[in-house]
Amino acid sequence: MTTEATLTPTSASPTARQVWTRARGIALALVILLAGAVAIAVVRSDARHGELDPRSADPGGSRAIAELLADRGVDTRVVTTLDEAATAAGPDTTLLVATPDLLTPGQQTRLHRAFADSHGRTVLVASGSASIERLAPGVTADPATSLDSTLSPDCALPAARRAGTADTGGVRYTTTHLGADACYPSERLATLLRLPDEKGNGDTIALGAPDILLNDRLDEQGNASLALQLLGSRPHLVWYLPSLSDTSATDTDDERGFFDLLPSGWLWGTLQLFVAAALAALWRARRLGPLVPERLPVAIRASETAEGRARLYRKTDARDRAADALRSTTRTRLAPLVGVPVTQAHTPESLLPALSAHLHGDGRDQHALLFGPPPSDDAALIALADRLDALEREVRRP
């Protein structure tokens, strides 16, 4: 027997206070991430001001090496366009490309054509896989950079042997040129590579890191000696600083997509944020464990439960499942009345003989009624329910 409980209706929607309580942790984390990103951007913007610029006296600038070269009779000229750099290439000129990876593929190809036959010296500073294969064919940049900054020459190049240890650790190179000088190796891969010009006295030098050119690193190790020898072999030094204002970067053949313009660090940072979000989702996700029985907060009438299940069966036309439920419940109630254990109530060989003996019949009608096929339509289902109810009343009749 069941009872009804009168409950005060409540809203299932969360209140503003509940929403804030749940979301304040995520909001605080986003604020901290945003503040950290702004702080890092400010610090990096200050640190990178005038980087590798021979006119800059900042720690990341290169004014000190330019002054030392001027004392030795080498004049330094800064250019910011590809046309100026290509025109300046010559046998008495050293062309330094500060950030080769910023050049578009078309710019890299044009620049290589300009200095390939100039018989001068070209120095590529920290040229990665995005540029080294076009600016120095036959050279490949290893994806993994050097773990050590200060390295030993370990080669026969006179300039490297005189300079000794230097801070060249950075991009590592491999080459197919047999006459190349591979210096300052890290894990057997060179961080300074010299490719001689077979047609003259010119050469191309791939320098794995810009450290030996920076103001705050020039007085360490053999950095100054190595930088002066690499850049002071000719009376003129053209220092090429690629600029976004260079019109050659907007050629239609060099158009790059949005993701090509983003620094690689932003892409990796975005990937890390997605991974962090996935881990947070797994951490906060609802765990699927075993079912836990709970007491219902209200008492529901048995008739309401039966009616609700019947409506579900009718909505899906599940007459077979409805018939099975009716027959199974009837067999369970009839078994104790005819002396059959409940565990054998669903076995025709046990239930039907006892039921036939109780009713003094042959049992064939009872078999079709209790274990027969499902009804074909709703009318047959209603008729089945009536016959089952009549059978149970007949068995219960004294």
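Under an unreviewed UniProt entry, the name given to the protein chain is DUF4350 domain-containing protein, and the source organism is Streptomyces luteogriseus.

1. What about the overall build of the protein chain?
When its secondary structure is counted, the protein chain shows 14 helices and eleven strands. Out of the 398 residues in the protein chain, the part that is buried amounts to 34%.

2. Topic: the pattern of salt bridges
Enumeration over the complete set of coordinates arrives at 15 salt bridges. For Arg110, the salt bridge goes to Asp83, with nearest N and O atoms at 2.9 Å. Linking Arg110 in helix α4 (residues 105–116) with Asp83 in helix α3 (residues 82–88), this pair joins segments that are 27 residues apart in sequence. A relative accessible area of 32% means that Arg110 is categorised as partly exposed. Through salt bridges with shared partners, a single ionic network connects Arg121, Asp181, Arg194 and Asp203.

3. Looking at the state of the cysteines
Counting across every chain of the model gives one disulfide. Two residues share a disulfide in this structure: Cys155 and Cys183, whose sulfurs sit 2.0 Å from each other. A torsion of 95 degrees about the S-S bond marks the disulfide between Cys155 and Cys183 as right-handed. Remark: Cys183 occurs in strand β8 (residues 181–186) and Cys155 occurs in the loop between β5 (150–151) and α6 (158–163); sequence separation between them is 28 residues. Residues Cys155 and Cys183 agree in their burial class; the two are buried.

4. Some details on the packing of helix α12 (residues 348–359) against helix α14 (residues 378–396)
Put simply, α12 and α14 touch, their axes get as near as 10 Å, and they point 60 degrees apart. Taken as a pair, α12 and α14 cross one another with a handedness that is left-handed. Residues Leu355, His358 and Leu359 of α12 pack against Leu391, Glu394 and Val395 of α14. Taken together, the residues of the contact of α12 with α14 break down into four nonpolar, one polar and one charged.

5. What to know about unusual backbone geometry
One non-glycine residue, Ala126, lies in the positive phi region at around 55 degrees. With respect to the helices and strands, the residue Ala126 is situated in the loop between β3 (121–125) and α5 (132–135).

6. Re helix α10 (residues 302–315)
Helix length check: α10, at 14 residues, gives a terminal C-alpha distance of 20 Å against a target of 20 Å (1.5 Å per residue), a fit within 8%. Asp317 occupies a position one or two residues after α10 and carries a positive phi of about 55 degrees.

7. Overview of a nonpolar patch on the surface
On the surface, a nonpolar cluster with roughly 550 Å² of combined accessible area is contributed by Trp268, Leu271, Val275, Leu279 and Leu282. With respect to the secondary-structure elements, Leu271 resides in helix α9 (residues 264–284). Relative accessible area serves as the criterion here: at 44%, Leu271 is assigned to the partly exposed category.

8. Section: the pairing of strand β2 (residues 93–97)
Of all five residues in β2, five are buried; the element is thus mostly enclosed. A two-sided burial pattern is seen for β2, the buried positions comprising Thr93, Leu95 and Val97 on one face and Thr94 and Leu96 on the other. As paired elements, β2 and strand β11 (residues 236–240) share five bridges and run parallel to each other. Residue Leu95 lies in a different strand from β11, and its bridge partner there is Val238.

9. Focus: α12
Compared with the 16 Å implied by 1.5 Å per residue over twelve residues, the 16 Å span of α12 between its first and last C-alpha is a close match. Within α12 the residues assigned to the buried category are Leu351, Leu352, Ala354, Leu355, Ser356 and Leu359.

The rules we used
- Residues numbered from 1 in each chain as written.
- Predicted model: local features only at pLDDT ≥ 70, side-chain atom pairs only at ≥ 80, totals over all residues.
- Heavy atoms only, no water.
- Helix = DSSP H or I, 4+ residues; strand = E, 2+ residues; numbered from the N terminus.
- Buried < 20%, exposed > 50% of the residue type's maximum accessible area, 1.4 Å probe, protein only.
- Salt bridge = Lys/Arg side-chain N within 4 Å of Asp/Glu carboxyl O.
- Disulfide = S-S within 2.5 Å.
- Axes fitted to C-alpha atoms, helices over the stretch in contact; angles between N-to-C directions.
- Left-handed = near helix turned anticlockwise from the far one by under 90°.
- Contact = heavy atoms within 4.5 Å.
- Nonpolar A, V, L, I, M, F, W, Y, C, P; charged D, E, K, R; others polar.
- Expected span 1.5 Å × (residues − 1).
- Patch = residues over 30% accessible without salt bridge, like charges linked within 9 Å, V, L, I, M, F, W, Y side chains within 5 Å.
- Areas by Shrake-Rupley, 256 points an atom, 1.4 Å probe, with all protein chains shown as cover.
- Pairing = 2+ DSSP bridges.

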